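Examining the three-dimensional arrangement
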Amino acid sequence: MAGQGELRIVLLGKMGTGKSSSGNALLGEQAFRAERSPGAVTTACERRAGEPGGRPVVVVDTPGFSEATEGKIAGALSLCAPGPHAFLLVLKVEPFTENRRRDADRLLRLFGGEAARYTVVLLTRGKDLKGKSAEAFAGENEQLQALVDRCGGRLHVLENRGEQGRAQAAQLLEKIEAMVQANRAEGRPEFFTPAAGKGSQKHDCDIL
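Throughout what follows, the structure given in this document is the object of discussion. The structure presented is a predicted model; accordingly, all values stated were derived computationally and were not measured. (Residues numbered from 1 in each chain as written. Predicted model: local features only at pLDDT ≥ 70, side-chain atom pairs only at ≥ 80, totals over all residues. Heavy atoms only, no water.)

1. Some details on helix α6 (residues 162-185)
Under the convention used in this document: Numbering of helices and strands runs from the N terminus, with a helix taken as a DSSP run of H or I at least four residues long and a strand as a DSSP run of E at least two residues long. The span one expects for a helix is its residue count, reduced by one, times 1.5 Å. Any two residues whose heavy atoms approach within 4.5 Å at even a single point are treated as in contact.
In a regular helix each residue adds 1.5 Å, so 24 residues correspond to 34 Å; α6 covers 35 Å between its end C-alpha atoms and thus fits that length. Its buried side turned inward, α6 meets β1 (7-13), α1 (19-27), β3 (57-61), β4 (86-92), β5 (119-124) and β6 (155-158). Looking one or two places after α6, you find Gly-187, whose phi comes out positive at around 85 degrees.

2. A closer look at the packing of aromatic side chains
What counts, and what does not: Pairing of aromatic rings covers Phe, Tyr and the six-membered ring of Trp, with a centre-to-centre limit of 6.5 Å; geometry is then stacked below 30 degrees between planes, edge-to-face above 60, and tilted otherwise. Three exposure classes are used, based on accessible area relative to the maximum for each residue type with a 1.4 Å probe and protein chains only: buried under 20%, partly exposed in between, and exposed over 50%.
The full count for this structure, using the stated rule, is 3 aromatic pairs. Centroid distance Phe-87 to Phe-111: 4.8 Å. Interplanar angle 35 degrees. Geometry classified as tilted. With Phe-87 in strand β4 and Phe-111 in the loop between α3 (98-110) and β5, this residue pair connects regions lying 24 residues apart in the sequence. Residue classification places Phe-87 among the buried residues on the basis of a relative accessible area of 1%. Of the residues examined, Phe-111 reaches a relative accessible area of 3% and is grouped as buried. Taken together, a centroid distance of 5.8 Å and an interplanar angle of 75 degrees make the contact between Tyr-118 and Phe-192 edge-to-face. You can see Tyr-118 sitting in the loop between α3 and β5 and its partner Phe-192 sitting in the loop between α6 and β7 (205-207), a full 74 residues away along the chain. Its relative accessible area of 2% is what places Tyr-118 among the buried residues. Three or more aromatic residues joined by ring pairs make a cluster, and in this case those are Phe-87, Phe-111, Tyr-118 and Phe-192.

Here you go:
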């Protein structure tokens, strides 16, 4: 991917799903603080940049989703102007309950109806699939499959560590680039453009 333009990515999900670790895997370095903790590790939007594989990549991490953090999460768009090429909706490999479905739906609706066209569903802790494919895992739950379908069938597994994780991160960047190209071919902007007034908040954001 060397020589291509900047790729801007926003990580979305509940607390403890592995958003920060996923950002580190994508950038190929420990850019975000990531650790097991009983409380929130990421409490504000954070922007980090790197050049994995020679391509400029910007990743914006967001606080774990809740009613209290919606405004902070919407503020992520101000850190990746003129707009993100991709949202990564981060889920752990675990039962996809009705509560998790509602949270995923609210996260996408937070950015408007077009957000799903720019979203990849990202599964972390892939070892818990125990050899099963991500597609087979999603197909076992009607609501998870519906979410993946809503996001154009885009689904990826990321281990976040080791050689396998590095390979999966590179594949994920390729998948995002394919989505960018598909959006362009279908006459849409190659990056997400929020509706007027959407995502214009600038709450608790940190740029390094």
